[in-house]
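The lines below spell out each chain.
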Amino acid sequence: MSLTKVTYSMIDGAVVNVFDYGAIGDGATNDTAAINAAIAAAPDGGTVYFPDGNYAIDPITITKPLRLVGNGNRQTAYSNARLQARGNQTHLIMFKGGAGTFPTDFLNGIGLDYITLFGNNNTISDAALIIWNGGMLNSIGFNITNCIGSAIRLKNSQDLHFVQAHIADVGDNANQKPMVYADPTGNNNVNNVYFVDAHFESIGWSLMDGWSSDDDIFSLLGGKIEMREQYAGQTITDFAFPL
């Protein structure tokens, strides 16, 4: 009698495991194609699961609402699932929705839980994470480290909640790029971006910057900010410090 190996993705309603699509997670193998295959297999509103490992990737663009999830817990907010740049590149992960109006044409319900985006000290010419026409993001234990460039670029997106995010050793002093950036070009309505119990460490040029139709783009609710000493005098703009 022949037996069929059952994988996570064969179970209706289960999360999609990148290992089932050939990802290795050894930090050397190019896992881009395997991860893209897992993303393609996941349904809208689904979850793509990353077991512990270092996943070397080229830029990945996601055009449907998904959550990328690793292992973690609220006590440590630490992830052993690390997506790392293979070299100098435009970005690591981009969520890109349609060009219509919020919320109809946006990617709603996106997220990254217990995932680390690791620049590997490469130049990231755009940003490690790009959210373009996205909304209703709720992420916990999300980390971005070791990037020459911006950590996050937001364009025409709103209602984004980053809980226990840790962003460290990210910035581009030569090109004056901030850690988190609300893109002022084109359709640029960026609003209601919350960082809850976040830790910003070793900030380079500036922490947050941008333009929006709303005066208050960013809100910091708890957490810690650590500027690099030689840049500690830089201005933090468009940043709301709630009481």
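Refer to the structure presented above.
Description of the structure in this document. The structure displayed is predicted, hence computed values, not measured ones.

**Looking at the environment of M94**
- Mapped onto the secondary structure, M94 falls in strand β8 (residues 89–96).
- As for M94 and L129, which are separated by 35 residues in sequence, their C-alpha atoms are 5.8 Å apart.
- M94 has contacts with I60, T61, I62, I130 and W132, leaving out every residue within four places of it along the chain.

**Looking at the side chain of Q84**
- Counting through the fold element by element, Q84 comes out in strand β7 (residues 81–85).
- Residue Q84 is classed as buried on the basis of its relative accessible area of 8%.
- The contact partners of Q84, leaving out residues within four places of it in the chain, are G27, N54, Y55, A56, I57, L92, F118 and N120.

**Points about the packing of aromatic side chains**
- Evaluated as defined, the whole model comprises 5 aromatic pairs.
- The interplanar angle of 50° and the centroid separation of 6.4 Å between the aromatic rings of F19 and Y55 together place this pair among those described as tilted. Of this pair, F19 sits in the loop between β1 (16–17) and β2 (26–30) while Y55 sits in strand β4 (residues 53–57); the two residues are 36 residues apart in sequence, bridging distant segments of the chain.
- Y55 sits in the buried class, given a relative accessible area of 0%.
- Here the aromatic residues F142, F162, F195 and F200 are joined through ring pairs into a cluster of three or more.
- Lying across the ring of W132, K96 places its NZ or CZ 4.2 Å from the centre.

**So, helix α1 (residues 32–41)**
- Of all the positions in α1, only T32, A34, I35, A38 and I39 are classed as buried. What you see down the axis of α1 is that its buried residues fit within an arc of 165°, all on one side. Opposite the buried face of α1, by more than 90 degrees, sit the exposed residues A33 and A40.
- The elements touched by buried residues of α1 are β1, β2, β3 (46–49), β4, β5 (60–62) and β6 (66–69).

**Here we look at the environment of G22**
- Assignment of secondary structure puts G22 in the loop between β1 and β2.
- On the basis of relative accessibility, which here comes to 44%, the residue G22 falls in the partly exposed class.
- For the pair G22 and T32, spaced 10 residues apart in sequence, the C-alpha to C-alpha distance is 9.9 Å.
- If we ignore the near neighbours within four places in the chain, the residues touching G22 are D31 and A34.

Procedures and definitions
Residues numbered from 1 in each chain as written. Predicted model: local features only at pLDDT ≥ 70, side-chain atom pairs only at ≥ 80, totals over all residues. Heavy atoms only, no water. Helix = DSSP H or I, 4+ residues; strand = E, 2+ residues; numbered from the N terminus. Contact = heavy atoms within 4.5 Å. Buried < 20%, exposed > 50% of the residue type's maximum accessible area, 1.4 Å probe, protein only. Phe/Tyr/Trp six-rings, centres within 6.5 Å; stacked < 30°, edge-to-face > 60°. Lys NZ or Arg CZ within 6 Å of the ring centre and 35° of its normal. Arc of directions from axis to C-beta.

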